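Spelled out, the chains give:
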Amino acid sequence: MDKNFKEEFTQIIKFEPPLYKQRHQFVKDLVEKYKPKKVADLGCADCSLLWMLKFCSCIEVLAGLDICANVMKEKMHTLSPLPVDYLQPSERSLTVTLHHGSVAHKDPCMLGFDLVTCIELIEHLEESELKKFPEVVFGFMAPSIVVISTPNSEFNCLLPRVMLYRHPDHKFEWSQAEFQSWALETARCYDYSVEFTGVGHPPTGMEKVGFCTQIGVFFRKYPQTRESVQSEKPMEAVYKTVSITIKISVISVFKAVYPSLKDEKYLQNAVINEVIFTAQIIKHRFMSKREEYSDDPERKSKFQPSMDCFSDYLGKVVVEKNMEPFVSGNEVYIPLTTIFSFPKVNRLCGSFEKLCKLIAGKVTLSSDGSAVMFNIEHENEEN
């Protein structure tokens with residue numbers, strides 16, 4: 001390579017977005033394509049990839065593993081549920097767990113994952129750990145997909161201030177041929193196929209050096225048998241795992257269970273809030289229409305309450321006689337059948353029987369339990 005040509009590129013190499021963001025986006029795109037439910041990130045470090053993945057709606061279980069507990073402690077709070085997660089629980093369940101341990105050890109808590117990511121991990125492993133790594137990940141964990149990224153040493157000549165390795169903790173950095181040789185042999189031994197790609201494109205005219213970060217995506221050829229999974233489960237746990245409340249933040253490992261509508265408690269709160277909100281809207285529209293007719297006796301006699309006047313707000317609803325709101329004395333009644341007809345209430349409950357069960361004793365109902373009841377007299381006094 002011409003020295004002047006090389007020096008020219010070392011002055012202008014700049015990745016946009018930054019290289020770590022490109023690696024994370026690569027994983028996210030893979031998740032969106034294959035929809036894994038359970039994902040483990042080995043060498044999770046500051047948990048930034050886990051934080052990005054927790055927003056992927058297909059994922060129900062996220063786990064991180066790292067040998068350095070202090071790094072996880074600094075950032076694990078970013079994986080905790082936010083207040084909005086409690087105010088608006090998701091329809092999916094999500095559990096995030098961090099483990100303190102080595103990728104060279106087998107632990108039953110790391111079984112059952114669909115996708116395992118190892119982003120810029122293997123170059124940090126000692127030779128003895130690297131020898132055990134394939135058996136742990138591909139033999140023991142045996143996920144459907146494994147993503148491994150590592151620096152491409154051939155690109156280093158284009159990076160200023162890189163003398164030997166890109167990071168002082170790197171034990172090695174492989175060329176494209178070295179990485180591909182290791183990956184192909186690993187895939188062959190454990191019945192995986194592997195595809196090679198990368199992020200961080202080289203400058204025009206330097207395509208031969210390859211990507212700055214080289215990536216191997218491994219796909220398991222055959223489904224894992226139930227017997228092979230069960231045979232590993234009696235093993236003694238080697239990772240430190242502790243379930244904690246969200247408020248605790250100064251410990252080495254962590255577990256957060258996000259509020260979900262699959263939990264009856266959160267589902268009930270969501271249904272109650274939606275029923276009251278919907279009933280209030282229906283009542284408001286109904287009373288406004290009623291007042292328009294009250295000043296004209298002739299029009300009042302012809303007034304027939306109908307859900308048509310609410311359709312412009314929440315969508316057209318099929319009207320039946322027993323679904324119409326009505327007034328009796330100082331009370332306004334909104335039939336539950338009407339409320340159940342609205343899409344969001346219907347989707348939350350699934351059945352009319354479940355709606356009745358969830359709001360029983362929590363919402364003011366008519367004596368026969370068929371309608372939500374509002375007292376007009378009390379509201380007028382408050383106004």
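This structure is a prediction, so every number in the text was calculated from the model and none was measured. (Residues numbered from 1 in each chain as written. Predicted model: local features only at pLDDT ≥ 70, side-chain atom pairs only at ≥ 80, totals over all residues. Heavy atoms only, no water.)

**Q** How do you make sense of the overall build of the protein when you look at a structure like this?
**A** Counting its secondary structure elements, the protein contains 15 helices and eleven strands. Within the protein, buried positions represent 44% of all 383 residues. A total of about 21000 Å² of accessible surface is found on the protein, and carbon and sulfur atoms cover 51% of it. (Helix = DSSP H or I, 4+ residues; strand = E, 2+ residues; numbered from the N terminus. Buried < 20%, exposed > 50% of the residue type's maximum accessible area, 1.4 Å probe, protein only. Areas by Shrake-Rupley, 256 points an atom, 1.4 Å probe, with all protein chains shown as cover.)

**Q** Which parts of the structure should I look at to understand the packing of aromatic side chains?
**A** Centre distance and the angle of the planes are the two values used to describe a pair of aromatic rings. Taken as a whole and judged by the stated rule, the model has 15 aromatic pairs. Taken together, the ring pairs in this structure connect Phe133, Phe172, Trp174, Phe179, Trp182 and Phe196 into an aromatic cluster. Against the face of Phe374 rests Lys283, its NZ or CZ located 5.0 Å from the ring centre. (Phe/Tyr/Trp six-rings, centres within 6.5 Å; stacked < 30°, edge-to-face > 60°. Lys NZ or Arg CZ within 6 Å of the ring centre and 35° of its normal.)

**Q** In this structure, what is going on with the confidence of the model for the protein? I would like to understand it.
**A** Do not read the fine detail of predicted coordinates wherever pLDDT is low. Averaged over the protein, the pLDDT score is 86; the fraction of residues at 70 or greater is 80%. Scored below 50 in pLDDT, residues 303-321 makes 32 contacts in the model with residues more than four places away or belonging to other chains. (pLDDT = per-residue confidence, 0-100. Contact = heavy atoms within 4.5 Å.)

**Q** Can you walk me through the sheet that holds strand β11 (residues 371-375) in this structure?
**A** One key point about sheets: their strands pair by backbone hydrogen bonds, in either a parallel or an antiparallel sense. Reading across the sheet, the three strands line up as β9-β10-β11 and stay open at both edges, with antiparallel pairing between neighbours. Looking at strand neighbours, the two that pair on one side only are β9 (326-328) and β11, the edges of this open sheet. Neighbour-to-neighbour, the strand axes of the sheet open up by a mean angle of 30°, direction not taken into account. Here strand β10 (residues 331-335) pairs with β11 via five bridges, running antiparallel. Residue pairing across strands places Ile334 opposite Val372, the latter belonging to β11. (Pairing = 2+ DSSP bridges. Axes fitted to C-alpha atoms, helices over the stretch in contact; angles between N-to-C directions.)

**Q** I'm lost on the layout of surface pockets in this one. Help?
**A** Gaps left between atoms show up when a probe the size of a water molecule is rolled over them. Its boundaries defined by the atoms lining it, the largest pocket holds a volume of some 780 Å³. Around the largest pocket sit 33 residues that line it, and Gly43, Ala45, Ile119, Glu120 and His124 are the ones nearest its centre. Mapped onto the lining of the largest pocket, the elements with two or more residues apiece are α2 (19-34), α3 (48-53) and β2 (61-66). Looking at the lining of the largest pocket element by element, the count peaks at four residues for α2. For the lining of the largest pocket, the residue count by class is 14 nonpolar, eight polar and eleven charged. Estimated volume of the second largest pocket: approximately 320 Å³. Lining the second largest pocket are 14 residues, with Leu87, Gln88, Pro89, Ala270 and Lys344 positioned closest to its centre. (1 Å grid on protein atoms, 1.4 Å probe; cavity = no way out; pocket = protein on both sides within 12 Å on 5 of 7 lines; lining within 4 Å. Points joined across faces, edges and corners; volume = space filled by probe spheres on them. Nonpolar A, V, L, I, M, F, W, Y, C, P; charged D, E, K, R; others polar.)

**Q** Could you clarify how one ought to interpret unusual backbone geometry in this entry?
**A** Omega for the peptide link from Glu16 to Pro17 comes to 0°, which places this bond in the cis form. Unlike most non-glycine residues, Glu120 shows phi in positive territory, near 55°.

**Q** I'm lost on the pairing of strand β5 (residues 145-151) in this one. Help?
**A** Regular strands place their side chains on alternate faces of the sheet. Counting buried positions along β5 gives seven out of seven residues, so the element sits mostly inside the fold. Here strand β4 (residues 115-119) pairs with β5 via five bridges, running parallel. Among the inter-strand pairings, Cys118 is bridged to a residue of β5, identified as Ile148. A crossover links β4 with its parallel partner β5, the connecting element being helix α6 (residues 127-141), and its sense is right-handed. Alignment of β5 against strand β7 (residues 213-220), held across seven bridges, turns out to be antiparallel. Residue pairing in the sheet places Pro151 in a bridge with Thr213 of β7. (Right-handed = clockwise from strand over helix to strand, strands pointing away.)

**Q** What exactly am I supposed to notice about the sheet that holds strand β8 (residues 254-257) here?
**A** One open sheet holds the eight strands; their spatial order is β6-β7-β5-β4-β1-β2-β3-β8, and the pairing between them is mixed. What marks the edges here is a single partner per strand, and that holds for β6 (192-199) and β8. Strand-to-strand, the axes of this sheet are offset by a mean angle of 15°, without reference to chain direction. Against the sheet, α2 makes contact with β4, β5, β6 and β7, and its axis sits at roughly 20° relative to β7, the strand it touches most. Across the face of the sheet, α6 comes into contact with β1 (38-42), β4, β5, β6 and β7 while running at roughly 160° to β5.

**Q** What should I look at first to understand the nonpolar core in this one?
**A** In a soluble, globular protein the nonpolar side chains are often hidden away together inside. In terms of nonpolar packing, the biggest core is built from 40 residues, with Val31, Leu53, Ile59, Leu98, Val147, Phe155 and Val217 touching the most fellow members. Elements that contribute at least two residues to this core include exactly α2, α3, β3 (95-100), β4, β5, β7 and β8. Looking at this core, the element that brings in the most residues is α2, giving five residues. Sequence-distant contacts of Val217, that is, excluding residues within four places in its chain, are made with Phe26, Leu30, Ile145, Val146, Val147, Ser193, Val194 and Glu195. Core analysis: the next-biggest nonpolar cluster, separate from the first, contains 31 residues, Val146, Trp174, Phe179 and Ala183 among them. (Core = buried A, V, L, I, M, F, W, Y, C linked by side-chain atoms within 4.5 Å.)

**Q** Even after reading the chapter, I still don't get the pattern of salt bridges, so can you show me in this structure?
**A** Pairing is possible between side chains of opposite charge, provided their charged atoms come close. One pass over the full model with this rule turns up eight salt bridges. One salt bridge in this structure joins Glu185 and Arg188, with 2.6 Å as the shortest N-O distance. Of this pair, Glu185 and Arg188 both sit in helix α7 (residues 176-189), separated by three residues, roughly a single helical turn. Here Glu185 falls in the partly exposed class, since its relative accessible area comes to 37%. Among the salt bridges present, the one from Lys344 reaches Glu274, with a minimum N-O distance of 3.6 Å. Within this pair, whereas Lys344 is found in helix α13 (residues 343-349), its partner Glu274 is found in helix α9 (residues 264-294), the two being separated by 70 residues in sequence. (Salt bridge = Lys/Arg side-chain N within 4 Å of Asp/Glu carboxyl O.)

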